[in-house]
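# Structural description and commentary
Listed here are the chains, written in short residue letters.
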Amino acid sequence: GGYAEHGPSHVALSLYADMQIQGTSPSIVTYISALRASGQIGAIEEGRKIHKELRQRGVEEDPFVISTLIDMYAECGSLHEAWGAFNKLPHGDVVPSWNAMLKACGINNEGDMAIHLFEKMQEMSVKPDGITFTCLLTACCRSSLVIEGQNFFKGMKMYGIDPTVEHLACMVDILARSGHLSQAEKLFESLPHIPSKQMWTVLFNAYNIYVGIELGER
C-alpha cells in the first residue's frame, strides 16, 4: 500500500508477486493497491491478471474494486475496459464508481461522454457530490467544452454544493486554455487561497499562446 501510494509503483507489484510465490492470500486491500500500482505505470497486462483473480474469487463487483478497476484501465488508456468494469456495478447509486467513470472520461479526453454519463446519473437519481463536479469540469477542460463547463459550474448550487478551490482551478483552466483570458484572470484573482504553481503555469502559458510575451511577462 505504501509503495502504491508513494512509489515506486513497480516495487508494489514486485511485493504482490512475492506474496503469491509465498502462498499468502491477498485481501481486497491488497488487490486495490496492486491495481493502483498497475495503473500508475501503465501495466495493463498485470492489471488484467489481477482483474481475472478478482473475478475468480467472486469479488469483482465490490464497489471499491470497481472504482479502482475503472481508474486502472483509464490510466492505461483502455476506456472500453473501464466501461466494462463500470457496468458490473451492482447498485447504481454508488457515487464513487460514477465519479471514477467520469474521471476516466476526462483522462481520455471524452468530454461529451462525461456529460452523457452525468445526464445518466440524473436520470437514475444518483446525487452528485463535489468530486463529481471536479471530474466533470476536468473532462470539459480537456475537451475544450467551455460553455458546458461554465453551465456545470453555475449549476453546482442546485445540488447544494459550494465551489471549492479545486472547482475554481478547473474553471480557470477551462477559460485560459480556450482563450477567454480576461474571464480566467478575473476568476484567478478571486481565489480565496494562494494559487498553486500549476494554476500560475496554466495562466502564464495561455497568455503566451494567445496574446504574446509582453502580457505573459506582466
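The preceding data block contains the structure.
## Here we look at the overall build of the chain
What the chain contains, in helices and strands, is 14 helices and zero strands. Counting from the amino terminus, the chain carries its helices and strands in the arrangement α-α-α-α-α-α-α-α-α-α-α-α-α-α. Considered along the principal axes of its C-alpha atoms, the chain spans approximately 65 × 40 × 30 Å. Intrachain contacts of the chain at a sequence separation of at least 6 include 58% that bridge at least 24 residues. Per element, the accessible surface of the chain, about 11,800 Å² overall, is 54% carbon and sulfur. Computed over 17 positive and 25 negative side-chain charges, the inter-centroid distance for the chain is 1 Å.

## As for the side chain of Ser 97
Its location among the elements puts Ser 97 in helix H7 (residues 95-107). Among the residues examined, Ser 97 registers a relative accessible area of 0% and is labelled buried. Within polar-contact distance, the side chain of Ser 97 engages the side chain of Ser 67 at 3.0 Å. Ser 97 has contacts with Pro 63, Ile 66, Ser 67, Ile 70, Phe 86 and Leu 89, leaving out every residue within four places of it along the chain.

## Digging into the packing of helix H4 (residues 44-57) against helix H5 (residues 63-75)
Two elements in contact, H4 and H5, have axes separated by 10 Å at closest approach and are oriented at 160°. In terms of axis orientation, H4 runs roughly antiparallel to H5. The element H4 and its partner H5 pack so that their crossing is left-handed. In this structure, H4 contributes Ile 44, Gly 47, Arg 48, His 51 and Leu 54 to the contact, and H5 contributes Val 65, Leu 69, Met 72 and Tyr 73.

## Considering unusual backbone geometry
Going from Gly 7 to Pro 8, the amide bond is cis rather than trans, its omega being -5°. Note that Pro 8 resides in the loop between helix H1 (2-6) and helix H2 (9-21). With phi around 60°, Ser 125 is a residue other than glycine that occupies positive phi space. Relative to the helices and strands, Ser 125 resides in the loop between helix H8 (111-123) and helix H9 (130-142). Among the residues examined, Ser 125 registers a relative accessible area of 65% and is labelled exposed. The backbone phi angle of Ser 144 is positive, close to 55°, even though this residue is not glycine. Mapped onto the elements, Ser 144 comes out in the loop between H9 and helix H10 (146-155). For Ser 144, a relative accessible area of 53% corresponds to the exposed category.

## What about the nonpolar core?
Within the largest apolar cluster, 67 residues are counted, with the highest numbers of intra-cluster contacts made by Ile 70 and Met 101. Non-local contacts of Ile 70, meaning those with residues more than four positions away in its chain, are made with Ala 82, Ala 85, Phe 86, Ser 97, Ala 100, Met 101 and Ala 104.

The rules behind each value
Residues numbered from 1 in each chain as written. Predicted model: local features only at pLDDT ≥ 70, side-chain atom pairs only at ≥ 80, totals over all residues. Heavy atoms only, no water. Helix = DSSP H or I, 4+ residues; strand = E, 2+ residues; numbered from the N terminus. Contact = heavy atoms within 4.5 Å. Areas by Shrake-Rupley, 256 points an atom, 1.4 Å probe, with all protein chains shown as cover. Lys, Arg positive; Asp, Glu negative; His and termini not counted. Charge placed at Lys NZ, Arg CZ, Asp CG, Glu CD. Buried < 20%, exposed > 50% of the residue type's maximum accessible area, 1.4 Å probe, protein only. Polar contact = N/O pair within 3.5 Å; in protein donor to acceptor, adjacent residues only side chain to side chain. Axes fitted to C-alpha atoms, helices over the stretch in contact; angles between N-to-C directions. Parallel < 35°, antiparallel > 145°, perpendicular 65-115°, else oblique. Left-handed = near helix turned anticlockwise from the far one by under 90°. Core = buried A, V, L, I, M, F, W, Y, C linked by side-chain atoms within 4.5 Å.

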